[in-house]
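Descriptive analysis of the structure
If you want the building blocks of each chain, they are given just below.
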Amino acid sequence: MYSVFNLAFVLAVALVLGGPVLVAPAGSSKLSNQEKDAILAAHNAARQNEVPGNPGDPLRALEWDDGLAAASQTYAETLATTKCTNGDHDPNRGDVGENLYQSMTTDAQASPRIGADAVAAWVAEKADYTYASNACKEGAVCGHYTQVVWRDTTKVGCGRATCTANEAFYTHWVCRYSPAGNVNVETTKPY
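Within every chain, residues take consecutive numbers counted from 1 along the sequence as written. Two thresholds apply to this predicted model, a pLDDT of at least 70 for residue-level local features and 80 or more for giving and counting side-chain atom pairs, whereas whole-chain, interface and lining totals are computed over all residues. Note that water and hydrogens are dropped before the side-chain values are worked out from all heavy atoms of the structure.

Things to note about the pattern of salt bridges
The condition that has to hold: We count a salt bridge whenever a side-chain nitrogen from Lys or Arg sits within 4 Å of a carboxyl oxygen from Asp or Glu. Accessible area is worked out with a 1.4 Å probe on protein chains only. A residue is then buried under 20% of its type maximum, exposed over 50%, and partly exposed in between. The way it works is that DSSP assigns letters per residue, a run of H or I at least four long becomes a helix, a run of E at least two long becomes a strand, and they are numbered from the N terminus.
One pass over the full model with this rule turns up six salt bridges. With its nearest N and O atoms 2.9 Å apart, the salt bridge here joins Lys83 to Asp88. On the accessibility criterion, Lys83 (33% relative accessible area) is partly exposed. Arg176 is the partner of Glu98 in a salt bridge, and the nearest nitrogen-oxygen pair spans 2.9 Å. Taken together, the residues span a long stretch of sequence, with Glu98 in strand β3 (residues 97-105) and Arg176 in strand β7 (residues 168-178) at a distance of 78 residues. Arg176 matches Glu98 in its accessibility class, with the two residues each being buried.

Digging into the packing of helix α2 (residues 33-48) against helix α4 (residues 115-123)
Helix-helix packing is characterised by the crossing angle of the two axes and by the distance between the axes. Note the cut-off: Lines are fitted to the C-alpha atoms to define the axes, a helix being fitted only along its stretch in contact, and any angle between axes, read from their N-to-C directions, falls within 0 to 180 degrees. With respect to orientation, any angle under 35 degrees is reported as roughly parallel, any angle over 145 as roughly antiparallel, any angle of 65 to 115 as roughly perpendicular, and every other angle as oblique. A clockwise turn of the near helix away from the far one marks a right-handed crossing, whereas an anticlockwise turn of less than a right angle marks a left-handed crossing. Any two residues having at least one pair of non-hydrogen atoms within 4.5 Å are treated as being in contact. Just so you know the grouping, Ala, Val, Leu, Ile, Met, Phe, Trp, Tyr, Cys and Pro go in nonpolar, Asp, Glu, Lys and Arg go in charged, and all remaining residues, Gly too, go in polar.
Where α2 meets α4, the closest approach of the two axes is 8 Å, and the angle between their N-to-C directions is 20°. Viewed along their axes, α2 and α4 adopt a mutual orientation that is roughly parallel. Viewed along their axes, α2 and α4 form a crossing whose handedness is right-handed. Where α2 approaches α4, its residues Ala38, Ile39, Ala42, His43 and Ala46 are matched on the opposing element by Gly115, Ala116, Val119, Trp122 and Val123. Here the contact of α2 with α4 is built from residues that sort into eight nonpolar, two polar and no charged.

Some points on the environment of Gln73
Test applied: N or O atoms within 3.5 Å of each other form a polar contact, as long as, within protein, one can give a hydrogen and the other can take it, and as long as residues adjacent in sequence are counted only when both atoms are side-chain atoms.
As for its placement among the helices and strands, Gln73 is situated in helix α3 (residues 66-82). Put simply, Gln73 and His172 are 99 residues apart on the chain and 9.6 Å apart in space, counted from C-alpha to C-alpha. From its side chain, Gln73 meets the backbone oxygen of Arg160 in a polar contact 2.9 Å long.

Quick look at the state of the cysteines
The criterion, for reference: Throughout, a disulfide means two cysteine sulfur atoms within 2.5 Å of one another.
Within the structure shown, the criterion is met by three disulfides. Between Cys136 and Cys142 runs a disulfide, and the two sulfur atoms are separated by 1.9 Å. Given an S-S torsion of about -90°, the disulfide between Cys136 and Cys142 has left-handed geometry. Residue Cys136 is classed as partly exposed on the basis of its relative accessible area, which comes to 32%. Cys158 shares a disulfide with Cys175; S-S distance 2.0 Å. Torsion about the S-S bond of the Cys158 and Cys175 cystine: about 110°, corresponding to right-handed handedness. One end of the pair, Cys158, is in strand β6 (residues 155-165); the other, Cys175, is in strand β7, with 17 residues separating them in the sequence. Relative accessible area serves as the criterion here: at 2%, Cys175 is assigned to the buried category. If you count the bonded cysteines of the chain from the N-terminus, they pair up as 1-5, 2-3, 4-6.

The structure is reproduced here in structure tokens:
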């Protein structure tokens, strides 16, 4: 366990050297059961609420998957240690879907954004998605939303890691989905 002094020392060294540092020691960023429940509830609320254009039955609730969560946690920690100020999708994630979210603050006392905030940001893309054309508004992004509501997806697992760079604190959220959504989007609608 890091003491406040040790953590402050690690942060000071990282800032002097100019490199990103994982704020919490490896493994300590794992989500609590309460956080998992909140993330799952946010996903399932989006799937139960009005889904514009849904021609079929209500979307099935997602289940939490510990394997997806472990892989998400590992990748969140990778982003925090190698790409603190930005995040790219994991090219080695295999056949699972992936949503990424990053928040930043310069307030060392601020709590990291919660997982439900990440899900809310993805679901807000609903306003930029048109079911009839199966497309996003020009210049907009809506693939995070369509992954959340992809009919065939049944499982989700998420992870979080926080790092510092350039006197700012970054939180990376990674959620992975199985089966993956956004498959054959030219011919397949999410639901």
